[in-house]
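Listed here are the chains, written in short residue letters.
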Amino acid sequence: MDKRPIGVMDSGLGGLSVVRVMQKRMPNESIIFVGDEGHFPYGTKTQAQVQGLALKIGHFLMQHDIKMMIIACNTATAAALSALQEELPVPVIGVIQPGAKTAVAQPKHDRIGVIATEGTTKTGAYVKTIKSLNPDVTVVAKATQPLVSVVEHDEVGTTKAQQLVDEQLAQYREEPVDVLVLGCTHFPFLANEIKHSLGDQVTLVDPALETVREAHEWLTEHSQLNDASQPTMKLYSTGNVNDLITGADKWLTGSHYHCDHLSLDD
């Protein structure tokens, strides 16, 4: 048993979609989450900029004696996974490989769509990873950066959100896909709008589910699961803490957590 917390990072509030899955799958684990809202969005930054921010967050999390780090951000996974794995003395798990594996594991997956930020899409990380798993698959990737702001500004469930989703996903109604990977951790919060836009015939893949499964598997194999009750949750924002509190209250219902501000620029 290992009572040390698991560190989780994201460019903003989207990573809470991973935290809520962790709570269900690993309810006894303590969590330290950093939402880098002060540098949001990552999707429009350079790879070098994102990598630098991710490394700063990784080192901050190590100061809290974490036993594992989860990069709950596709853009940061593409830019910084290998660097963090080399730099940190704990296992670091990203969301792209797990998401790709889940997509090609679906019964019908001849055509796979991937929606992500501009940064993730430009790297081609999902296309390369999916093709490495099954070269015969057709991958239709699209940058849908505007959808990130809908989540950050707490507009999920509104008419505006549905209209924007319909606009951003128009390509997939013209070029239907069997599976759609939600290649940004903000997007699972828009699952209802996406289903309404594309219909139930398209299987939505949330990489968070497979990512947390892999984390749980690793901790189990290495006897590092925390079996004790009363886990702690600390949430940090590099931006407006009140925005983080609003998101946590909405998406981590019933959770007991402590929120604070973090500066990466000191």
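Now for a description of the structure that goes with this document.

Here is what the cut-offs are and how they apply
Residues numbered from 1 in each chain as written. Predicted model: local features only at pLDDT ≥ 70, side-chain atom pairs only at ≥ 80, totals over all residues. Heavy atoms only, no water. Helix = DSSP H or I, 4+ residues; strand = E, 2+ residues; numbered from the N terminus. Buried < 20%, exposed > 50% of the residue type's maximum accessible area, 1.4 Å probe, protein only. Contact = heavy atoms within 4.5 Å. Polar contact = N/O pair within 3.5 Å; in protein donor to acceptor, adjacent residues only side chain to side chain. Pairing = 2+ DSSP bridges. Right-handed = clockwise from strand over helix to strand, strands pointing away. Axes fitted to C-alpha atoms, helices over the stretch in contact; angles between N-to-C directions.

Looking now at the environment of Asp 10. Position of Asp 10 among the secondary structure elements: in strand S1 (residues 6-10). With relative accessibility at 1%, the residue Asp 10 sits in the buried group. Sequence spacing of Asp 10 and Val 50 is 40 residues, and the spatial spacing of their C-alpha atoms is 11 Å. Beyond its immediate chain neighbours, meaning those up to four positions away, Asp 10 contacts Gly 15, Phe 33, Val 34, Gly 35, Asp 36, Ala 72, Cys 73, Thr 185 and His 186. A polar side-chain atom of Asp 10 sits 3.4 Å from a polar atom in the side chain of Thr 185.

Looking now at the pairing of strand S2 (residues 31-35). Burial analysis of S2 places five of its five residues in the buried class, which makes it a mostly covered element. Every second residue of S2 is oriented toward a common face, with Ile 31, Phe 33 and Gly 35 on one face and Ile 32 and Val 34 on the other, all of them buried. Where S1 meets S2, five bridges bridge the pair, whose relative direction is parallel. Counted as the bridge partner of Gly 7 is Ile 32 from S2. Traced from S1 through helix H1 (residues 16-25) to S2, the parallel crossover comes out right-handed. Here S2 runs beside strand S9 (residues 233-237); their pairing, made up of five bridges, is parallel. What sits directly across from Ile 32, in S9, is Lys 234.

Now for the sheet that holds strand S4 (residues 92-93). Strand order in the open sheet formed by six strands is S4-S3-S1-S2-S9-S10, and the pairing between neighbours is parallel. At either end of the open sheet lies a strand with only one pairing partner, and these are S4 and strand S10 (258-261). Summarising the sheet, S1 and strand S3 (residues 68-71) pair through four bridges and their orientation is parallel. Its bridge partner lying in S3, Met 9 is registered against Ile 71. Of the strands in this sheet, S1, S3 and S4 touch helix H3 (residues 74-87), which is tilted by about 160° from S3.

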